[in-house]
Amino acid sequence: MREQDPKERIKNFNEVPYGYNEDEAVAEASRCLQCKKQPCVNGCPAEIDIPAFIKAISEKHFDESISIIKKTNNLPAVCGRVCPQEDQCEKLCILGKKGIPINIGNLERFSADWELKNKSQKENTASGNGRKGKKVAIIGAGPSGLTCAADLAKMGYSATIFEALHKPGGVLTYGIPEFRLPKDIVMTEVNEIKKLGVDIKYNNVIGRIKSIDKLREEGFDAFFISTGAGLPYFMGIEGENLNGVYSANEFLTRVNLMKAYKFPEYDTPINIGKNIAVVGGGNVAMDSARCALRLGAEKVYIVYRRTENEMPARIDEIHHAKEEGIEFHLLANPLKIIGNEKAEVKKLVCIKNKLGEPDDSGRRRPVPIEGSEFEMDMDIVIIAIGNGSNPLLLDTIKGLELTRRGNIVADDAGQTNIEDIFAGGDIVTGAATVIAAMGAGKNSARAIDNFLKR
Amino acid sequence: MQKIVRKKQLNPEISLIEFEAKDLAIAANPGQFVILRVNETGERFPLTIYDFNCEKGTVTVVCQAIGVSTKKLCALNEGDSILDVVGPLGHATKVKNIGKVICIGGGVGTAEAYPIAKAMQREGNDVEVIIGSRIKDLIICEQEIREFCDKVYVTTDDGSHGRKGFVTDVLRELLQKDTYDMVFAIGPLIMMKMVCEMTKARSIRTLVSLNSIMIDGTGMCGGCRIQYSGEAKFTCVDGPEFDGHLVDFNDVMLRQERYKSKEKSALDHYEKQCRIGLK
């Protein structure tokens, strides 16, 4: 895949991989064996007929290719860019057993981008006009909520999404940076979903402006809660309240949703110093580090308590981060952050770890090595160690069963212990992937259909 | 888009702005706040709800034009619209009959102290109100407060109205003369800090309302976190009201300064654009 040169791209927020041109896409698609068993499809939570759309590309039927994808996936340009394909469809590709698997992600992206570029967007049939006479309220316009709403609309239900922020997309908009997922693409795909008849109400914090009970009174017949994992974890170490310490959520929201990288044209500021440390090893940590670099930091470090093998980030993101010059401090854990009298960050103190026995997640547990403390000069520290469940809405729903960690208890179809309430995405699973959240949205749309047909 | 139906300039710096927001008005309670974004390039910033009218379906805020965002809001007129308003956020004030209460409003904080004082009075409390500002022109809500309260004390830093000095000078005297069950203090951080130091010495429960820097207002970003009795709390979802004796005001004051230089350059940029007629 052709990409922006690392030396150039760290100075801008433009997308890094250019995407296939037609010849490249056809060549890649032609490698597909079109196996009968279609193992790749089993790896796709969005249930895309992968061999069929790839075949269409190889025959240069690009229009048909995107139609096949869109039968089951409403956010293909997003998925083609942010899915961890190496752990899903591509992992199961037969070609991968002996060589390189088909680059399914980039082919999906190609099809979606081809449509955005070449086709005046097809007018949808607006099937979501409530032909079935039932109304569903979806709480949260992230990947899970958008998918569920789109599928319900396609089935003929009236679907209304209530979104807390002023823009749709959830983590696609506030979390994932422009250079990895251009916001124009998110907005275009959301507009496609709106054309299905989905209504999105922004600036609506359900649990505050209206309760689920109130929405029930207003005539909603079923509910899908997809509020995501929206409560940042902090480490609980000394100095975390200093001015230069951000949660990754705050840092990324300022940059992506509020466009702090265009300050002062946009009013939202962000503080950047010479040295920035990002604590964590997931995609959010890589995104934060790469944003920090583009905002002008001289040195950006990833501080992670295990090794690269245990990092939850996509391989591509780790690779891109390294290419751009981000330095990895592995097997290191922060102990405290030292500041000055103005509450500015000055130093980050860490301890070295070694790997011990595997823990519950199957990954080897980091064990601190006594006496191995070290400190680094630091101006900004970004905490990207994950998110918990946000209690704001859940506290207002009487009797809703929650796990010990505050996530909603739901079965595979998203059914909660309350008959008309379904839930999916990070609010059920804890922080996971965009595609897993979308898969949950699909499952719940089917379950809601069954419930409403009863 | 929320249409502005009434705008009243309370003084050269402070405007009262009433806008249409039916669902918000129905859901709102005293002490809660909204987050606004005035235009596409604007910040999200919090303002306390000053008043709400369920029949008219309107919500009123009071805003002091200091930085870019507040200046942008105060530059709007009746008939204009605010791009985004979200709320009601935070917990409502618990209004109960507890006895003798002092409500203190400093500067634009008076606009937030007023509805609380009125509600406390209505609940049967014996309410005294202290309000203060730098100069006479910046005193707000005095008449409205006098309408329901006969023990109102006014201070200005320069003595141009009421008595010369700070609200804490009056508070000190009141506390020496009498005993009180509770104090509400809403205003500049330094004022709330001084009030809390005085009341803590006498163990009088004191509630303060914090107006931290926020983005989403739903607990998602953690930018508004404060040190509260040694623990991190989020102003947006755990507040905005807190027991003032447990707030680490030095920490809150330092955090409130964290974009100081950026705020100044944003303001310069905005004013330059206004001058050349772009905005």
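Residues numbered from 1 in each chain as written. Chains lettered and ligands numbered in written order. Predicted model: local features only at pLDDT ≥ 70, side-chain atom pairs only at ≥ 80, totals over all residues. Heavy atoms only, no water.

1. Quick notes on the overall build of chain A
Test applied: Think of it this way: any DSSP run of H or I at least four residues long counts as a helix, any run of E at least two long counts as a strand, and we number them from the N terminus. For this measure, only C-alpha atoms enter the radius of gyration; the expected value for a globule follows 2.2 Å times N^0.38, where N is the number of residues. For each residue, the accessible area found with a 1.4 Å probe, counting protein chains only, is set against the maximum for its type, and the residue is called buried under 20%, exposed over 50%, and partly exposed in between. Here, residues are in contact when the closest pair of their heavy atoms is within 4.5 Å. Per-residue accessibility takes into account occlusion by the displayed protein chains alone, with areas from the Shrake-Rupley method and a 1.4 Å probe.
Of regular secondary structure, chain A possesses 18 helices and 16 strands. The C-alpha atoms of chain A give a radius of gyration of 22 Å, which matches the 22 Å a tight globule of 454 residues would have. With the C-alpha coordinates of chain A rotated into their principal frame, the extents come out at 65 × 55 × 50 Å. The buried share of chain A, reckoned over its 454 residues, is 59%. Residue pairs in contact within chain A that sit at least 24 positions apart in sequence constitute 69% of those at least 6 positions apart. For chain A, the accessible area works out to roughly 18,600 Å², and carbon and sulfur atoms hold 49% of it.

2. Describing the pairing of strand β13 (residues 374–377) of chain A
Residue and element names in this part refer to chain A. Short version of the rule: Here, any two strands with at least 2 DSSP bridges between them count as paired.
Every second residue of β13 is oriented toward a common face, the buried set being F374 and M376 and the non-buried set E375 and D377. The sheet contact formed by strand β11 (residues 345–358) and β13 spans 4 bridges and is antiparallel. Its bridge partner being in β13, L348 is matched across the sheet by M376.

3. Here's the deal with the confidence of the model for chain B
Stated formally: In predicted models, pLDDT denotes the confidence assigned by the predictor to each residue on a 0 to 100 scale.
Averaged over chain B, the pLDDT score is 94; the fraction of residues at 70 or greater is 99%. In the model output, the complex is listed with pTM 0.93 alongside ipTM 0.93.

4. A few points about the packing of helix α5 (residues 167–177) of chain B against helix α6 (residues 189–201) of chain B
Residue and element names in this part refer to chain B. Rules: With axes taken as lines fitted to C-alpha atoms, and helix axes fitted only over the stretch in contact, angles between N-to-C directions fall between 0 and 180 degrees. Oblique is the label for every angle not falling under 35 degrees (roughly parallel), over 145 degrees (roughly antiparallel), or within 65 to 115 degrees (roughly perpendicular). In this scheme the handedness of a crossing depends on how the near helix is turned from the far one: anticlockwise by less than a right angle means left-handed, clockwise means right-handed.
Running from N to C, α5 and α6 cross one another at 15 degrees; their axes reach a closest spacing of 10 Å. Considering the angle they form, α5 stands roughly parallel to α6. The crossing of α5 and α6 is right-handed. Across the interface between the two elements, V167, T168, L171, R172 and L175 of α5 pack against M191, M194, V195, M198 and T199 of α6.

5. Some thoughts on the sheet that holds strand β1 (residues 2–9) of chain B
Residue and element names in this part refer to chain B. Taken in spatial order, the 7 strands line up as β6-β1-β2-β5-β4-β3-β7 in an open sheet, and their pairing is antiparallel. Both outer strands of the open sheet, β6 (81–82) and β7 (84–89), are each paired with one neighbouring strand and no more. Looking at chain direction, strand β4 (residues 45–53) and strand β5 (residues 58–64) are connected through 4 bridges and run antiparallel. The partner of F52 across the bridge, within β5, is V59.

6. Digging into the pairing of strand β14 (residues 380–383) of chain A
In regular strands, side chains alternate between the two faces of the sheet. Residue and element names in this part refer to chain A. Residue alternation in β14 divides its side chains into two sets, I380 and I382 and V381 and I383, and both sets are buried. Judged from the 3 bridges that link them, strand β6 (residues 245–247) and β14 form a sheet pairing that is parallel. When the sheet's bridge partners are listed, V245 is paired in β14 with V381. As paired elements, strand β7 (residues 275–279) and β14 share 4 bridges and run parallel to each other. By the bridge assignment, V279 is partnered in β14 with I383.

7. Some points on α6 of chain B
Residue and element names in this part refer to chain B. What counts is decided by this rule: What a helix is expected to span follows from its residue count: subtract one and scale by 1.5 Å.
Between its first and last C-alpha, α6 extends 19 Å over 13 residues, near the 18 Å set by a 1.5 Å rise per residue. Burial in α6 covers these residues: L189, M191, M192, K193, V195, C196, M198 and T199. Each element contacted by the buried residues of α6 is listed here: β8 (100–106), α5, β12 (182–186), β13 (205–209) and α8 (249–256).

8. Digging into the packing of aromatic side chains
All names here are of chain A. We count it as follows: Classification of ring pairs rests on two measures: the distance between centres of Phe, Tyr or Trp rings, Trp counted by its six-membered ring, which must be within 6.5 Å, and the angle between planes, read as stacked under 30 degrees, edge-to-face over 60 and tilted in between.
Tallied over the full model, the rule gives 11 aromatic pairs over all chains. Here F62 and W114 contribute two aromatic rings whose centre-to-centre distance is 5.8 Å and whose plane-to-plane angle is 55 degrees, an arrangement assigned as tilted. Here F62 is found in helix α5 (residues 62–72), whereas its partner W114 is found in helix α8 (residues 104–118), with 52 residues between them in sequence. By relative accessible area, W114 is classed as buried at 14%. Between the aromatic rings of F162 and F220, the centroid separation amounts to 5.9 Å while the plane-to-plane angle is 75 degrees, which identifies the pairing as edge-to-face. Highlighted residues: F162 in strand β2 (residues 158–162) and F220 in the loop between α12 (212–217) and β4 (222–225), separated in sequence by 58 residues.

9. A short note on the domain arrangement of chain B
Residue and element names in this part refer to chain B. Heads up, the condition is: By convention here, the domain bounds are inherited from an automatic or database domain assignment. A simple way to read buried area is as the amount of 1.4 Å-probe accessible surface that goes missing from two parts once joined, with both sides added. For salt bridges, the criterion is a side-chain nitrogen of Lys or Arg within 4 Å of an Asp or Glu carboxyl oxygen. Pairs of N or O atoms within 3.5 Å make up the polar contacts considered here, provided that, within protein, one atom can donate a hydrogen while the other can accept it, and that residues adjacent in sequence are counted only when both atoms are side-chain atoms.
Domain parsing of chain B yields domain 1 (2–89) and domain 2 (100–257). Relative placement of domain 1 and domain 2: their C-alpha centres are 21 Å apart. With 16 residues of domain 1 at the contact, the number on the domain 2 side is 21 residues. Between domain 1 and domain 2, the buried area comes to about 1,700 Å², and carbon and sulfur atoms account for 62% of it. Our count for the domain 1 to domain 2 interface comes out at 1 salt bridge. Note that R134 is salt-bridged to E13, the shortest N-O span being 3.3 Å. Across the contact surface, domain 1 and domain 2 share 6 residue pairs in polar contact (both at pLDDT 80 or more).

10. Quick look at the environment of N340 of chain A
All names here are of chain A. Among the secondary structure elements, N340 is positioned in the loop between β10 (332–339) and β11. On a C-alpha basis, the gap between N340 and P366 in space is 30 Å, while along the polypeptide they are 26 residues apart. At 3.0 Å, the side chain of N340 forms a polar contact with the backbone nitrogen of K342.

11. Some points on the interface of chain B and chain A
By a frequent convention, interface size equals the accessible area lost on bringing the separate parts together. In plain terms, the rule: When residue character is reported, Ala, Val, Leu, Ile, Met, Phe, Trp, Tyr, Cys and Pro are called nonpolar, Asp, Glu, Lys and Arg charged, and the others, Gly included, polar.
On the chain A side, the residues contacting the 43 residues of chain B number 41 residues. Taken together, the two surfaces of chain B and chain A that pack against each other cover about 3,700 Å², and 54% of this comes from carbon and sulfur. When the buried surface of chain B facing chain A is broken down by residue, M220, R225 and Y259 of chain B rank first, second and third, together holding 19% of it. The interface formed by chain B and chain A holds 4 salt bridges in total. Note that D267 of chain A is salt-bridged to K72 of chain B, the shortest N-O span being 2.5 Å. Here chain B is connected to chain A by 21 residue pairs in polar contact (both at pLDDT 80 or more). Taken together, the elements giving at least two residues each to the side of chain B that touches chain A come down to α1 (22–27), α2 (68–74), β7, β14 (225–228), α8 and α9 (260–275) of chain B. Broken down by element, the side of chain B that touches chain A gets its largest block of residues, 6 residues, from β7 of chain B. For the side of chain B that touches chain A, the per-class residue count stands at 17 nonpolar, 13 polar and 13 charged.

12. Quick notes on the nonpolar core
Basically, it comes down to this: Only buried Ala, Val, Leu, Ile, Met, Phe, Trp, Tyr and Cys residues count toward a nonpolar core, and they belong to the same one when joined by side-chain atoms within 4.5 Å.
Membership of the largest hydrophobic core comes to 66 residues, with the highest contact counts inside it found for I50, F53, I54, L107, L152 and I448 of chain A. Among the elements that line this core, the one with the most residues is helix α18 (residues 434–453) of chain A, at 8 residues. Discounting residues that sit within four places of it in the chain, I448 of chain A has contacts with V136, C148, L152, A222, F223, F224 and F422 of chain A. By size, the runner-up hydrophobic cluster in this structure holds 41 residues, among which are I209 of chain A together with L36, V38 and L47 of chain B.

13. Points about empty space enclosed by the protein
Residues and elements named next belong to chain A. The criterion, for reference: Residues are said to line a cavity or pocket when one of their atoms sits within 4 Å of a point; the points come from a 1 Å grid over protein atoms alone, cavities being sets where a 1.4 Å probe fits but cannot get out and pockets being open sets with protein on both sides within 12 Å along at least five of seven lines. Grid points are joined across faces, edges and corners, and a volume is the space filled by probe spheres set on the points.
Evaluation of the coordinates by the stated rule reveals 5 cavities of 30 Å³ or more. The wall of the largest cavity is formed by 14 residues, among which C32, C35, C40, C93 and I102 lie closest to the centre. Of all elements in the fold, only α3 (39–42) and α4 (50–58) reach the threshold of two or more residues within the lining of the largest cavity. Class assignment for the residues of the lining of the largest cavity results in 13 nonpolar, 1 polar and no charged. Empty space within the second largest cavity amounts to approximately 110 Å³. The set of elements that each furnish at least two residues to the lining of the second largest cavity consists of α4 and α8.

14. Quick word on the packing of α5 of chain A against α8 of chain A
Helices that pack against each other are described as a pair by the angle of their axes relative to one another and the distance between those axes. Residue and element names in this part refer to chain A. Packing of α5 against α8 leaves a shortest axis separation of 9 Å and a crossing angle of 110 degrees. In terms of orientation, α5 and α8 fall into the roughly perpendicular class. Both α5 and α8 take part in a crossing whose hand is left-handed. Packed against α5, whose contacting residues are F62, D63, S65, I66, I69 and K70, the element α8 presents E108, F110, S111, A112, W114 and E115 at the interface.

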